[in-house]
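Coordinates in review
Letter by letter, the chains look like this.
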Amino acid sequence: MPYLGSEDTVRELRRALSNPNVQSDQLRYRNTILKVIRAMSQGVDVSGLFSEMVKACATVDIVQKKLVYVFLCSYATLNPELSLLVINTLRKDCQDPNPMVRSLALRNMTNLRLPSLVEYVEQPLTAGLRDRAACVRRVAVLGWAKLHNLQPNSEIDAAVVNELYSLLRDPDPVVMVNCLRALEEILREEGGVAINKPITHHLLNRLKECDVWGQCEVLRILQRYRPQSEDELFDILSLLDAALVSPHPPVMAATLSLFLSLCSTLPAVSLAALERVRGPLLAACGSVSREMRFTALCHIQLLLRSLPGLMGAHYKRFFCGYAEPAYIKQRKMQVLVELVNDENVAMLLDELKGYCTDVNTDTAQAAISAIGRIGRSYSDRCLEILTGLLGLKQEHITSAVVQTMRDLVWVCPQCSETVCLALEGCEETLQDSQGRQALLWLLSVYGERVSSAPYTLEVFIDGVRSETSLGVKMELLTTTMRLFMCRPAETQDMLGRLLHYCIEEETDMCVRDQALLYYRLLQCGIEETRKVLQGRRSDPSLGVLIGRPAEPISQWASSFNTLEPLRQGTVETESASRGSPEHASFDPKPNTDLSDTLDCSQIERVHSASYHSSSLHPPMSSSGSDSTSGCTDSSADVLASSVAVPLSLSLSPALSPEEFERLWLQRLALHAERGAEKLEEEDYICFEERIHCPAIPQCSPQSLQAAMQLVNIQTMAFTPPHTLPWRVYLYTHTQQGHSGDTPHSTLILGELLYTGEGNQRAVVTKGIDGGEVVEGSEEELVKEGEEATAYGLSRRESARKDGEEQDVKVTLKQQPRDDKALKGFLSILTTVLHTLSSERN
């Protein structure tokens, strides 16, 4: 057909459709209708041919019927009156002996989407539910859902709903699944299809007959069913066992989601299910479909939050392929970071080192960031790689390395010497603002160790007029001020020039205000300036310890097999902000599964026979990560009482890492300002103790966290095993009944610390005698308190002789003060640590 305008095209097609010669030739007639459909698909408005196409649907040619029905369903809403002409033909086709014609007529009758035609459609749909052909029943079941969607406020006859429920036992599995979908749509306001025990077991027994998406639909709907007994639960799990290792990833994911829903109170069964799906998940990671690979990687990250070692032996499966897209490579590198251990760290670092020179800059920077995260546990190896990458003099690589070094040195201060040596000459390659901010931050913190720091700053200050980044200017101000504090002779002149420019010529108010702040601060004196700029810093180990507590499965089970894992990254993102590095944080949620309370009276009685004498230590220095507030003398009363009291521990309300850090450090400043005597008077207590647990520092973080959560103690952060100093931060809420009926609740924050050094034999040791603190040597304490201390001191003496003494220092801070509750909590904590230590041995 020659090229014509839309009006000419419609006119030509109408002439052909109305030509008797064309209508008499079936092939020519079909080809003309095909031209109408082709024009419609090209955007030509052919709605004017509606009446001619209505006449064309009266044919025995199935192909022609399908073409005409496509046209009629597309333009029925524009011609509602003419659409009535089609109903008679469609109703007649619903009684055709050919089941394909019947199903085609029913489908298009509901696809017309005209409320005025509903009364003509109901009777054929009702007859279609009882049709002998399965294909007709499939269409009729979904047709009722379409009718309900067309008139959502109208009520469908209860007889139809009952018939749909009866069709759940239809011999055709597609009809069964379609009934579930239709009932879900029709009964949405009532909560969807009602799932009881007979329906559940019927669906499970016929699960294998359904196709992949039918199985997924059945498994999704079954999540709302709760077994009535434990025997029924395990019967259901047995029926689902084969689907758990299905070769089809959607079926496997839906089955695992149902497993986790049913076994929310059986963590051991949930863990076993996660172990079973390891093979199918790894197979999905090798799928031809990129989308399937990415989805599998996201869900593997979800599983690793509760089972960090699940994929440890299969880390090579997550090596990146050359032709893989960048988003898959980056997600694989995130998984590789989670799988690092002592055995594979060398191979993983070699692999990641190769990705650092990838042609895709985002992939290269992600690989460098991954090496930096591994460096928190294996700093020497990673620093060697990062330093070598600086020699490439590539702009994006240098920027990523400097940002990674900034974050790494914040977590691992022992790396500062190597980082300071590597910074020489980096400013020549750095061009992006994020890399320059990171370099300036490093110079502000470690500028005293970098010999060329003033000269580097001078280059930045000379080019400040052409600097476009607001963040770089503000970081430059802070860095120059801090460097002036430690190297005033070299920095004084350039600081004056920078402040003059920022105050007199800078147009941005943020930079100008910050410069004015520093200028007025300098007018107050150098000591006041030093207090502000070089004040106490946050302990990095509080916010960014290397280990991440294994989360309970219940925290992410509801998001499994949804889009949630794809939307959010489960690994921290590297900092792009100025100032100090940005660290990962999470919001712990109260775990309702661990809300059971614990009566510690029996634990205290057993523990009192084996617990060695306490030693109250003097205040430690406030620098570094070992800083703790001094112990008040009144904390001796904690161990003076031997009366067991009923005690309950609770994880709720939960604390965020920021709240924990603020509460942990605030008393340190108060102790320095007010002194120990005034701090004693407050409703607060700080207590230190040493517990002999030889194998605890080598215990796996997962075992330690699981043991703590068993008694409702939440581990906030921890270092990996075999690292020094070894730390664990924890908290809990204690509830203890007093004379009244109202329970008394307190918050306890704790730190477990092992430095690896042998505990020194104290010349003066504090002991407890009748509730009073007495001083003397250890030999005198043995004589004065034989019952309480002989066992503990004999263990210390024997351990010192063998050179195996490994005491873990426990620091507890409680507010409001409750000595009996603190004593009970310490007894529980000590019992847990001793149990783990004995199992480790």
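Note that the coordinates shown come from a computational prediction; the quantities given were computed from them, not determined experimentally. (Residues numbered from 1 in each chain as written. Predicted model: local features only at pLDDT ≥ 70, side-chain atom pairs only at ≥ 80, totals over all residues. Heavy atoms only, no water.)

With respect to the overall build of the chain
The secondary structure content of the chain amounts to 40 helices and 8 strands. A burial count over the chain gives 51% of its 841 residues as buried. Within the chain, counting contacts between residues at least 6 apart in sequence, those at least 24 apart form 72% of the total. Within the structure as shown, the chain displays about 39200 Å² of accessible surface, and the carbon and sulfur contribution to it stands at 50%. (Helix = DSSP H or I, 4+ residues; strand = E, 2+ residues; numbered from the N terminus. Buried < 20%, exposed > 50% of the residue type's maximum accessible area, 1.4 Å probe, protein only. Contact = heavy atoms within 4.5 Å. Areas by Shrake-Rupley, 256 points an atom, 1.4 Å probe, with all protein chains shown as cover.)

Digging into the nonpolar core
Membership of the largest hydrophobic core comes to 192 residues, with the highest contact counts inside it found for Val 46, Phe 71 and Phe 318. Ignoring anything within four residues of it in the chain, the contact list for Val 46 reads Val 10, Val 36, Ala 39, Met 40, Phe 71 and Tyr 75. With 32 residues, the next largest nonpolar core counts Val 808, Leu 812, Ala 821 and Leu 836 among its residues. (Core = buried A, V, L, I, M, F, W, Y, C linked by side-chain atoms within 4.5 Å.)

Some points on helix H10 (residues 158-166)
The set of residues buried in H10 consists of Val 160, Val 161, Glu 163 and Leu 164. Across the axial projection of H10, the buried residues extend over an arc of 160°, all falling on one side. (Arc of directions from axis to C-beta.)

Brief notes about the pattern of salt bridges
Enumeration over the complete set of coordinates arrives at 32 salt bridges. The partner of Arg 15 in a salt bridge is Glu 12, and the shortest N-O contact between them spans 3.0 Å. Taken as a pair, Arg 15 and Glu 12 lie in helix H1 (residues 6-18) at a separation of 3 residues, close to a single helical turn. The structure contains a network of salt bridges with shared partners spanning Glu 458, Asp 462, Asp 493 and Arg 497. (Salt bridge = Lys/Arg side-chain N within 4 Å of Asp/Glu carboxyl O.)

A word on unusual backbone geometry
For the peptide bond that leads from Gln 815 to Pro 816, omega is -5°, which places it in the cis range. In the Ramachandran plot, Lys 393 falls in the positive-phi region, its phi being about 60° despite a non-glycine side chain. Inspection of the secondary structure puts Lys 393 in the loop between helix H22 (379-390) and helix H23 (395-411). Notably, Asn 561 is not glycine yet its phi reads approximately 65°, a positive angle.

Observations concerning the packing of helix H25 (residues 433-446) against helix H26 (residues 453-462)
Viewed as axis vectors pointing N to C, H25 and H26 meet at an angle of 140°, and their least axial separation amounts to 11 Å. One finds that H25 runs oblique with respect to H26. Pair H25 / H26 crosses with left-handed handedness. The segment H25 lies against H26, with Arg 436, Leu 439, Leu 440 and Leu 443 engaging Ala 453, Thr 456, Leu 457 and Phe 460. (Axes fitted to C-alpha atoms, helices over the stretch in contact; angles between N-to-C directions. Parallel < 35°, antiparallel > 145°, perpendicular 65-115°, else oblique. Left-handed = near helix turned anticlockwise from the far one by under 90°.)

Re the packing of helix H9 (residues 134-150) against helix H11 (residues 173-186)
The relative placement of two packed helices is expressed as an angle between their axes plus a distance between the axes. Running from N to C, H9 and H11 cross one another at 10°; their axes reach a closest spacing of 9 Å. What the angle tells us is that H9 and H11 run roughly parallel. Facing Ala 134, Arg 137, Arg 138, Val 141, Leu 142, Trp 144, Ala 145, His 148 and Asn 149 of H9, the residues of H11 in contact are Val 174, Val 175, Asn 178, Cys 179, Ala 182, Glu 185 and Ile 186. Grouping the amino acids of the contact of H9 with H11 by side-chain chemistry returns 10 nonpolar, 3 polar and 3 charged. (Nonpolar A, V, L, I, M, F, W, Y, C, P; charged D, E, K, R; others polar.)

Quick word on the environment of Asp 362
Residue position: Asp 362 is located in helix H21 (residues 361-374). On the basis of relative accessible area, Asp 362 is assigned to the partly exposed category, the value being 46%. Each C-alpha atom of the pair Asp 362 and Ala 400 lies 9.9 Å from the other, and the pair is 38 residues apart in sequence.

Structural notes on helix H6 (residues 80-93)
With 14 residues, H6 should reach 20 Å at 1.5 Å per residue; the first-to-last C-alpha distance of 20 Å fits that figure. When the local axis directions of H6 are compared, the greatest deviation, roughly 30°, occurs at Val 86. The complete set of buried residues in H6 reads Ser 83, Val 86, Ile 87, Thr 89, Leu 90 and Asp 93. Contact partners of the buried residues in H6: helix H4 (50-56), helix H5 (62-75), helix H7 (99-111) and helix H8 (118-129). (Expected span 1.5 Å × (residues − 1). Bend = angle between axes of the 7 residues up to and from the residue.)

Concerning the environment of Leu 164
For Leu 164, the position within the fold is in helix H10. Each C-alpha atom of the pair Leu 164 and Cys 179 lies 5.9 Å from the other, and the pair is 15 residues apart in sequence. Among all residues touching Leu 164, those that are not within four sequence positions of it are Leu 129, Val 141, Cys 179, Leu 183 and Ile 186.

Considerations on the side chain of Asn 108
Tracing the backbone shows Asn 108 in helix H7. In this structure Asn 108 touches Tyr 69 and Cys 73, once residues within four positions along its chain are discounted.

Considerations on the packing of aromatic side chains
Two descriptors summarise a pair of aromatic rings, namely the distance from one centre to the other and the angle between the planes of the rings. Enumeration over the complete set of coordinates arrives at 9 aromatic pairs. Ring centres 6.0 Å apart and planes at 5° place the aromatic pair Phe 660 and Trp 664 in the stacked group. Of the two residues, Phe 660 and Trp 664 are both situated in helix H35 (residues 657-674); the distance of 4 residues between them amounts to about one turn of the helix. Each of the two residues, Phe 660 as well as Trp 664, counts as buried. One aromatic cluster is present, built from ring pairs that chain together Phe 50, Phe 71 and Tyr 75. In this arrangement the basic side chain of Lys 813 is found over the ring face of Trp 664, its NZ or CZ atom lying 4.4 Å from the centre. (Phe/Tyr/Trp six-rings, centres within 6.5 Å; stacked < 30°, edge-to-face > 60°. Lys NZ or Arg CZ within 6 Å of the ring centre and 35° of its normal.)

With respect to the side chain of Thr 429
Inspection of the secondary structure assignment puts Thr 429 in the loop between helix H24 (416-422) and H25. Taking relative accessible area as the criterion, Thr 429 reaches 13% and is therefore assigned buried. Sequence-distant contacts of Thr 429, that is, excluding residues within four places in its chain, are made with Lys 393, Gln 394, Glu 395 and Thr 398.

Re the environment of Phe 319
In this fold, Phe 319 is placed in the loop between helix H18 (290-304) and helix H19 (326-338). Residue classification places Phe 319 among the buried positions, given a relative accessible area of 18%. Note: C-alpha distance between Phe 319 and Leu 336 (17 residues apart in sequence) is 8.0 Å. With sequence-adjacent residues up to four places away left out, Phe 319 is seen in contact with Glu 324, Lys 332, Leu 336, Met 347, Leu 348, Glu 351 and Tyr 355.

Points about the confidence of the model for the chain
The predicted model of the chain has a mean per-residue pLDDT of 79, with 79% of residues at 70 or higher. Confidence over residues 542-546 falls short of pLDDT 50; this stretch has 20 contacts with residues more than four positions distant or in other chains. Low confidence marks residues 570-645, where pLDDT is under 50. Its contacts with residues over four positions away, or in another chain, come to 197 contacts. (pLDDT = per-residue confidence, 0-100.)

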